[in-house]
Amino acid sequence: MITRPARTSWSRRDMLRGSAAALMGAYGLAPRYGLAADIPMEYDGSKFQMAAPEPNPKRGGVMRYGILNRPPHFDVHQSGTVGNIGTQGCMFDNLIRRDPRDSGKTIVPDLAHSWEIAKDGKTYIFHLRQGVQFHDGTDFTSADIKATFDRIRKPPSGVSIPRTPLFRAVSEINARDKYTVEFKLAAPRSVNFMMSAFASGWNVIFSKKTLEENNYDLRKLLNIPGTGPFKTQRRVENEIWVMERNPNYWNKGLPYLDGFEVYHLLPFSPELGSAILSGRVDYARALDPATARKAAATPGLSTAKFYQSVIHATWLNAKRKPFDDPRVRRAMHLLFDKQVLVDVVKDVAPLMTGGFIYPFSEFATPKDQLVKRVGYQEDSGAAIKEAKSLLAAAGQSSMRPLDFLVRDLNHHKLFGVAIEAMLKEVGIQSNLRTAVESVWFGDATAGNYDLAVGAIVSTLLDPSDYFNAWYRTDGPQNYSFWHNEEFDKLADQIDVEVDSAKRLALIRQAENLMEQDPPLVPIAWEYILDVWYNYVKGHNPKDYFGIYDVVRFDTHWLDKA
């Protein structure tokens, strides 16, 4: 059983911090804020063509890729896990996209080759490519863009899409002609925010025909027709997903690869590490720190480290007593020693502590201030004392045993055992229940749990994205069913405030509110370690924010015979 180290000495933590700093220096970790480079209000990209960044790329070959390949279903829009987008992203295109050649910093044309944005920031017009076809032979038109984004912004009954909050300001979408689409906003938003939302790797384009034929729910449709560079050849559950080159891809010359094989290997697992070090895969994503260190010292291998758009957390089911009481929710927040939880998995998953806001963004409370708060201090004595007092005031000094849902990943299972031990210290019993992705997300969405350990993603570092998706009442990833009217009002103000200082003050108010009435217990925030053989060319992952925006592999090529 995992127990907490004694509070009398923290030299082990000091050592860990030193090791972490050394790792960051060894691999490099440049901060990026999920924003694109300056975006022109008018852009003519009719002659733009994507190609590999290197001269004379070679054609042919099959790239072997190791990543989680266990999607809860097949509908990318309804997903929040790399188990979908990590495998399926290569099958689709977007309206516009982030450029894989500069780590996704720049937004460039995709199915839309050009755009015009009104000076008042309330109208976006995109001009679409002609002659594009979906994998089933259906012609691509503006009707497909309208059908795709109408579903994202206003999902039909029974459909839940985590990216819906990105388009709260969109009041209407008009197909002005066969190859022109117009988005109208009820209120202006930052151009960077809106264009980053359109360019999100998650917001792939489906055909109107496919959506209509499946009643706008594609969860059970394995081979969803896209317009992308690859299409499904075959899939074996929990083993492999084989993609083949789309010979009719509209971007002439791409892709360079003949095929793409995605092997099911869990993130941060020894199996994933072994697969890349032994040469059984060419590229591995989301590796454990030990493997990354070995790879950095191995000739012929390259390593990149970058921030990931993920929070690891414990959700508290506010629809069930006692978690309908803010005092109990705050008590749980205080009982979890976040640094110890990160230390528990330090050899398994690369994580960092933080609060309710991405800790590496300009919106976060600086770390030197955060560690002074009760619940984040190295000495947890004050936090435990306050937690016990809150539980007593709520009449929960003897709490019923808790149904504790844990996602079936190595680091989440370690979290579960450690949290179980922390709760036992104050007399709270819990029954751990491990579930694979499909069951975890199903039970979390339905509220079939008391506590639930897992991870969710956002598209942008801007709080107007994840505040609405994760924390707002009825947000698509508000798995705690948390409701706080004051927070919802603050989120509305944050969305429309254009003065940066005033906006930051509103974000701080929202953060302070969540500290007292937590929507979840933040455990850790993630970064990613990628490893690949040097013969894998055509990519540049060193400054990615998250692994979801640049997942098409159309510019990848293999520099070997």
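As shown above, the structure is provided for reference.
So, here's what we can say about the structure. Keep in mind the model is a prediction, meaning the values are calculated, not measured.

Assigned secondary structure in the chain consists of 16 helices and 20 strands. Expected size for 561 residues packed as a compact globule is a radius of gyration near 24 Å; at 23 Å, the chain falls within 12% of this value. When the backbone C-alpha atoms are referred to their principal axes, the chain occupies close to 65 × 55 × 40 Å. Of all 561 residues assigned to the chain, the portion counted as buried reaches 62%. Put simply, 74% of the contacts in the chain that link residues at least 6 apart link residues at least 24 apart. For the chain, the accessible area works out to roughly 20,600 Å², and carbon and sulfur atoms hold 50% of it. Counting 69 positive and 66 negative side-chain charges, the chain places the averaged centre of each group 2 Å from the other.

Looking now at the pairing of strand β16 (residues 430-435). Sheet analysis places strand β15 (residues 402-407) next to β16, joined by six bridges and oriented parallel. Across the sheet, residue Leu402 finds its bridge partner in β16, namely Ser430.

Quick look at helix α11 (residues 381-393) now. Count 3.6 residues to each turn of an α-helix, and residues three or four apart come out pointing the same way. Taking 1.5 Å as the rise per residue, α11 with 13 residues should run 18 Å; its terminal C-alpha atoms sit 19 Å apart, in good agreement. Along α11, the residues that are buried comprise Ala383, Ile384, Ala387, Leu390 and Leu391. Around the axis of α11, the buried residues are gathered within 125° of arc, so they sit on the same side. Exposed residues on α11 whose side chains face more than 90 degrees from its buried face are Lys385 and Ala393.

Residue Leu254 is joined to Pro255 through a cis peptide bond whose omega torsion reads -10°. Inspection of the secondary structure puts Pro255 in the loop between β10 (240-245) and β11 (259-264). Here the amide bond leading from Lys321 into Pro322 is cis, since omega sits at 5°, within 30 degrees of zero. Looking at where Pro322 falls in the secondary structure, it is placed in the loop between β13 (301-316) and α8 (326-335). Unlike most non-glycine residues, Asn238 shows phi in positive territory, near 65°. Mapped onto the fold, Asn238 is located in the loop between β9 (230-236) and β10. Within the chain, Ala286 stands out as a residue other than glycine whose phi angle is a positive 70°.

Attention shifts here to the packing of α8 against α11. Closest axis-to-axis distance for the α8/α11 pair is 8 Å, and the angle between their directions is 155°. Overall, the two elements α8 and α11 adopt an arrangement that is roughly antiparallel. Between α8 and α11 lies a crossing whose hand is left-handed. Contacts from Arg327, Val328, Arg330, Ala331, Leu334 and Leu335 of α8 reach α11 at Ala383, Glu386, Ala387, Leu390, Leu391 and Ala393. When grouped by side-chain class, the residues that make up the contact of α8 with α11 number nine nonpolar, no polar and three charged.

Conventions we followed
Residues numbered from 1 in each chain as written. Predicted model: local features only at pLDDT ≥ 70, side-chain atom pairs only at ≥ 80, totals over all residues. Heavy atoms only, no water. Helix = DSSP H or I, 4+ residues; strand = E, 2+ residues; numbered from the N terminus. Rg over C-alpha atoms; globule rule 2.2 N^0.38 Å. Buried < 20%, exposed > 50% of the residue type's maximum accessible area, 1.4 Å probe, protein only. Contact = heavy atoms within 4.5 Å. Areas by Shrake-Rupley, 256 points an atom, 1.4 Å probe, with all protein chains shown as cover. Lys, Arg positive; Asp, Glu negative; His and termini not counted. Charge placed at Lys NZ, Arg CZ, Asp CG, Glu CD. Pairing = 2+ DSSP bridges. Expected span 1.5 Å × (residues − 1). Arc of directions from axis to C-beta. Axes fitted to C-alpha atoms, helices over the stretch in contact; angles between N-to-C directions. Parallel < 35°, antiparallel > 145°, perpendicular 65-115°, else oblique. Left-handed = near helix turned anticlockwise from the far one by under 90°. Nonpolar A, V, L, I, M, F, W, Y, C, P; charged D, E, K, R; others polar.

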